[in-house]
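One letter stands for each residue in the lines below.
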Amino acid sequence: MSSITSQGALQGSGATSLRLALSRADARRKWRAFALTMPLLVFLLLTLLIPIAALLQRAVENPEVVAALPRTVQSLKGWNPETAPAPASYAALVEDLGHLSDSADAGALARRLNSEVAGARSLVMGAYRALPVTGSPEEIQAKLLQLDQRWGEQPFWQAIAKNSSRWTADYLLASVDLRRGSQGAVERMPEDQRAFGTILLRTFYISFVVTLFCLVLAYPLAWWLASLPARKANLLMILVLVPFWTSILVRVAAWIVLLQSEGLVNRGLMGIGLIDSPLPLLFNRAGVVIAMVHILLPFMILPLYSVMKNVPATYIRAAVSLGSAPLSAFFRVYVPQTYPGISAGALLVFILSIGYYVTPALLGGADDQMLSYYIARYTNVEVNWGMACALGAVLLTATMILYGVYRRIGKAELSLG
Amino acid sequence: MKKSIITIAMASCLALPALAQQQITVVNFGGANANAQKKAYYEPYEKTGTKIVAVEYNGEQAKIKAMVETKKVTWDVVEVEAPDVQRGCDEGLFEKIDFSKIGPKADFLPAAVKECGVGVFVWSTVMAWNADKVKTAPTSWADFWDVKKIPGKRGMRKGARYNLEFALMADGVKPADVYKVLATKDGADRAFRKLTELKPNIQWWEAGAQPAQFLVAGDVALSTVYNGRIDAANREGRNLKIYWPGGIYDLDYWVIPKGAPNKDASMKFIAFASQPATQAVYAQNIAYGPVNNQALAKLDKKVLDDLPTSPANAKESIQMNVGFWADQGEALEKRFAAWATQ
């Protein structure tokens, strides 16, 4: 008994040093692994994480008004937004505009205010070009009102007062159809400006439909490919991959040729007497879904095929020989084993669809556009990068939430299988 | 020693143009327009010893903004649309133009002379149809809305610009009053209401080449379209017709991004492209109107008849109101997106 205890004590001290040595070796191994993945991590940091951080920052950044109109912002503190601003505010505005070092600052201010209140661009640039405006505050007020009577309207001043902070939630609010009212309370956008909620739902709906069609089309094909001998399967796999390697624009153009009212599909259907007049297959939802399914199909086939290849064919035979009906054997024995392939393929297709831009732009109508179309629009056409970044942030968040939900369900599925 | 350095420096300065041929990057919108520019401007200009690298883009001002903001400007001369000239000029994206280096201002259309831009050509958004397929020619913008009189789909540009103007014209507003009406809340409501009437029959187009293809394929009976695309299709033997009254004309402009590497060479190129002779060659290659009035004298009647600037075609057309769209564009385009979801 005593010998055992002493042995245990001995073992204890030996174990401590061994544990130390082990943990040291472990740490070294971890460091080596870390050093090996370092280039990739740096690459990811530079090309993915930093840009995403910059995007999120742009979505809440609001420097234009504060930088250009510090005195005006100060003079509007404590102003009741429902009343006309004091002459001192007019004087502060003129002084601020006069202190701008570059006309580019006036342009940036005009753009920012114009995205809040349509018309502010010409109002601000008009005042900037009319400088110098001198006199007592009352005279300046009169001169500005004479220049453009819209200077007497509250919305422009409310926009200046509202943007008195360097950071703003306005872009993010606008991207979910909300806004801050003149008193600062959050409210819904007026109906004719309420668009992004529907567009976000539409983006997910189209992506969901595309994923579903891809699965329905890819599953039997992948199953057939997996059951073929390797040589034949490889040959057919090339047929799957050739369109995968073709430029998206080329494929979109090809679909236009095929689907137009005088196109191959409509002529063929009319030729065999199935339809009397051409089906509208282009520049609507149908065209978008058809082309997207075609483009994304390989992303579903490949994961399914790789999983199915590793499911032994003997399992179904065993099930049938144990008395199961072939169809029920397929659904109860085979399909559950392909869940990892289904979930990987569905996730891949869904996430790729969410970001689709070119295909809906060229093949869809005005109510088939997805969120990326509007992100591109705000980036390139309106040059309102704050709005573009906010929409990007909404898309990113929605995708992350969906991915989180999917991971939970996916795990449950895997453990069930 | 010092002297020798100066000599070497001077010699190298003299030698440089001979060694490295000067080159400028000119950015255009591609398509038939780019081909016409190549024939009229790029190829003749290259004979003067400056190489031109032509780049295509889709009008993304974001690209210019990014270049100017990061001070890595690689584009020398860029063709931009009218609403972007003033906006970019206000925001400090473009160099100011010294018109004395371009030519006598009096020779140019007044709209072609801008603080930061020089007009390239006049183009127009018009109504067109395929005379081989549509037997009843439209005689007003109300006919564009009348799917009983002329059955078939209608092609329209995906967006608010132009469509709101056309909707008001179809609703009986005189072309000259369109922007006055559209500037009011009631006017905008009226335009969207009118657009709603036609909504089920609209086939939207995104790229400028699409409407001509729609018409040729018979997908739509009538379409709004850039007039040069109709001309390009007719040169390939199609029988497309244009209804000019109510057309909305506009100019494209040359601009020089702020901090562009070869400003002097760029100005020389713009001056070259603004001469009557080169502008006439351009108009012969695509039916867009010259901005230099002297060029008109060099064109024969057949070419003139297809230009948006010819008196008969311009008579009842309106100029796009750039100031209106710079102010109201973002709000109206968003309203259009909201309208499309309804």
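Note that the structure is predicted; figures quoted are calculated from it, not measured. (Residues numbered from 1 in each chain as written. Chains lettered and ligands numbered in written order. Predicted model: local features only at pLDDT ≥ 70, side-chain atom pairs only at ≥ 80, totals over all residues.)

Asker: Got a minute to help me understand the interface of chain B and chain A in this structure?
Answerer: How big an interface is tends to be stated in terms of the accessible area lost upon association of its parts. Each partner contributes residues to the interface: chain B has 26 residues there, and chain A has 36 residues. Contributing elements (two or more residues each) for the side of chain B that touches chain A: helix 3 (61–70), strand 6 (202–205) and helix 15 (322–341) of chain B. Looking at the side of chain B that touches chain A, the element that brings in the most residues is helix 15 of chain B, giving 12 residues. A per-class count over the side of chain B that touches chain A returns eight nonpolar, seven polar and 11 charged. (Contact = placed C-beta atoms within 7 Å. Helix = DSSP H or I, 4+ residues; strand = E, 2+ residues; numbered from the N terminus. Nonpolar A, V, L, I, M, F, W, Y, C, P; charged D, E, K, R; others polar.)

Asker: Please explain helix 12 (residues 248–259) of chain A as it appears in this structure.
Answerer: Residues spaced three or four apart along an α-helix point in a common direction, a consequence of the helix completing one turn every 3.6 residues. All names here are of chain A. Helix length check: helix 12 (12 residues) gives 16 Å between terminal C-alpha atoms against 16 Å at 1.5 Å per residue, within 8%. Buried residues of helix 12: V252, W255 and L259, and no others. Seen end-on, helix 12 carries its buried residues on one side only, within an arc spanning 55°. For helix 12, exposure combined with an orientation more than 90 degrees from the buried face picks out L249, V250 and A253. (Expected span 1.5 Å × (residues − 1). Buried ≥ 20, exposed ≤ 12 C-beta atoms within 10 Å, placed from the backbone. Arc of directions from axis to C-beta.)

Asker: Could you clarify how one ought to interpret the pairing of strand 3 (residues 77–81) of chain B in this entry?
Answerer: Here is the key point about a regular strand: its side chains alternate between the two faces of the sheet. Residue and element names in this part refer to chain B. Where burial is concerned, most of strand 3 is hidden: four out of the five residues are buried. Sheet topology note: the strand 1 (residues 23–28)/strand 3 ladder contains two bridges and is parallel. In the sheet register, V27 faces strand 3, and the bridge partner there is V78. Both strand 3 and strand 8 (residues 240–255) contribute to a ladder of four bridges, which runs antiparallel. (Pairing = 2+ DSSP bridges.)

Asker: How should I be thinking about the nonpolar core in this particular structure?
Answerer: Soluble, globular proteins show a tendency: their nonpolar side chains are buried together. Residue and element names in this part refer to chain A. Ranked by size, the top nonpolar core spans 157 residues in total, and within it L296, A390 and L391 carry the most contacts. Not counting chain neighbours up to four residues away, the residues in contact with L296 comprise V210, C214, V349, L352 and S353. Counting 29 residues, the second largest nonpolar core, distinct from the first, contains V65, A108, V117 and L144. (Core = buried A, V, L, I, M, F, W, Y, C linked by C-beta atoms within 7 Å.)

That's the geometry; what it means functionally is another story.
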